[in-house]
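What follows is each chain in one-letter form.
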2 protein chains.
Amino acid sequence: MSASLLEQLIEAFRVLPGVGQKTAQRMAYHVLERERDGGRRLAEALGAAVERIGHCARCRDFSETALCATCASAARDTHSLCVVESPADRLAIEQATGYRGLYFVLQGRLSPLDGIGPRELGLDSLAARLAEGEVRELIIATNPTVEGEATAHYLAQLARQHGVRPSRLAHGVPLGGELEYVDRGTLSHAFGSRSEMP
Amino acid sequence: MSASLLEQLIEAFRVLPGVGQKTAQRMAYHVLERERDGGRRLAEALGAAVERIGHCARCRDFSETALCATCASAARDTHSLCVVESPADRLAIEQATGYRGLYFVLQGRLSPLDGIGPRELGLDSLAARLAEGEVRELIIATNPTVEGEATAHYLAQLARQHGVRPSRLAHGVPLGGELEYVDRGTLSHAFGSRSEMP
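An unreviewed UniProt entry lists chain A under the name Recombination protein RecR, with Cognatiluteimonas sedimenti given as the organism. In the Sequence similarities (unreviewed entry) part of its UniProt record, chain A is described as follows: "Belongs to the RecR family." Under Function (unreviewed entry), UniProt gives the following word-for-word description of chain A: "May play a role in DNA repair. It seems to be involved in an RecBC-independent recombinational process of DNA repair. It may act with RecF and RecO."

Quick look at the structure:
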């Protein structure tokens, strides 16, 4: 067995999320046995992405260019700004909804214990943007976790300071879910926030 | 969002086994958000492995050098030769057992319908090796599937033609398994191959 290169490859695969020793081995063998071309493409795409993908100067999402395609687009509604924690959240919203406004990606959430404050999340540049007066609604789509909720409250305050209307994604029972299996917190919230049927 | 590079990366991750669109997205974001160094290392390891790992001229296992470390080693027992289907099988045996002999990696199994015959598995070079007279036992460790069994029978014939003793891994109830959950074929085989207790 080729000790070094193969072992290095198996070790390197373990940086991927959810990949342990066994999976890394399987990936390495799979690529070497059946997917050399794909492996070559992956190596190139990964190298290029790691070197050349930075952050959009305006929304902090990943971007190869100084301004990302969404921020640079003339077709988006500049009156709505949706704040998300991560690029993956932004993508999920973009794919699931018909939202045509702009985004702001925090790349994290307020977490004072980890030293993540407003500055680390780029909230100074968000404040400057709200001060411009173009944004009318700040859609706060941080995760419904303790830290995400704290971040949402902070963002709502910031919005109100600049005369911008803050809104928050609806929480409740997921569509297609069964009440029996919904967690207590969600069910309690959904019950309290019930709305009259038309 | 950076359309091209990020999308290329997500697409490229899908060559890995068991990785679909969602997992590929998660991997790409994980690397970009938190593991740029690891991503760089993976790109390099993958590029180097795909370009430089070939096959050992003697055992057909993966190797960076013409002869792999095991085949080149003076510490291995040259009288035993263990035939496996894949490098992963070879690694599993090497890690689980105290086997100190040599290996021969078929890189497949006999499968006439797919056009995989003795030549594709390198059985001509295996025959030449058996003819050298150094090997006394051919340990046949192909998988217990229909094709693996057919391959095993072929290999056993080949061994006998050269006066080499063929042997096969024991089949039966796995250690720690419960009879209730063992499949019928295995149970029937284990029952028929029962041995007297000492």
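From this point, things continue past the structure.
Caption draft 1: Quick look at the sheet that holds strand S4 (residues 101-105) of chain A. All names here are of chain A. With parallel pairing, four strands are arranged side by side in an open sheet as S4-S3-S5-S6. The open sheet has two free edges, formed respectively by S4 and strand S6 (165-168), since each of these has just one partner strand. For this sheet the average axis-to-axis angle between neighbouring strands, irrespective of direction, equals 25 degrees. Taken strand by strand, helix H5 (residues 87-96) contacts strand S3 (77-84) and S4, and its axis lies near 160 degrees from that of S4.

Caption draft 2: Examining the pairing of S4 of chain A more closely. All names here are of chain A. Most of S4 sits out of view: five of its five residues are buried. Of the strand pairs in this sheet, S3 and S4 are connected by five bridges, and their pairing is parallel. The residue of S4 that forms the bridge with Leu 81 is Leu 102.

Conventions adopted
Residues numbered from 1 in each chain as written. Chains lettered and ligands numbered in written order. Predicted model: local features only at pLDDT ≥ 70, side-chain atom pairs only at ≥ 80, totals over all residues. Heavy atoms only, no water. UniProt positions renumbered as here; feature names shortened; annotations may be inferred. Pairing = 2+ DSSP bridges. Helix = DSSP H or I, 4+ residues; strand = E, 2+ residues; numbered from the N terminus. Axes fitted to C-alpha atoms, helices over the stretch in contact; angles between N-to-C directions. Contact = heavy atoms within 4.5 Å. Buried < 20%, exposed > 50% of the residue type's maximum accessible area, 1.4 Å probe, protein only.

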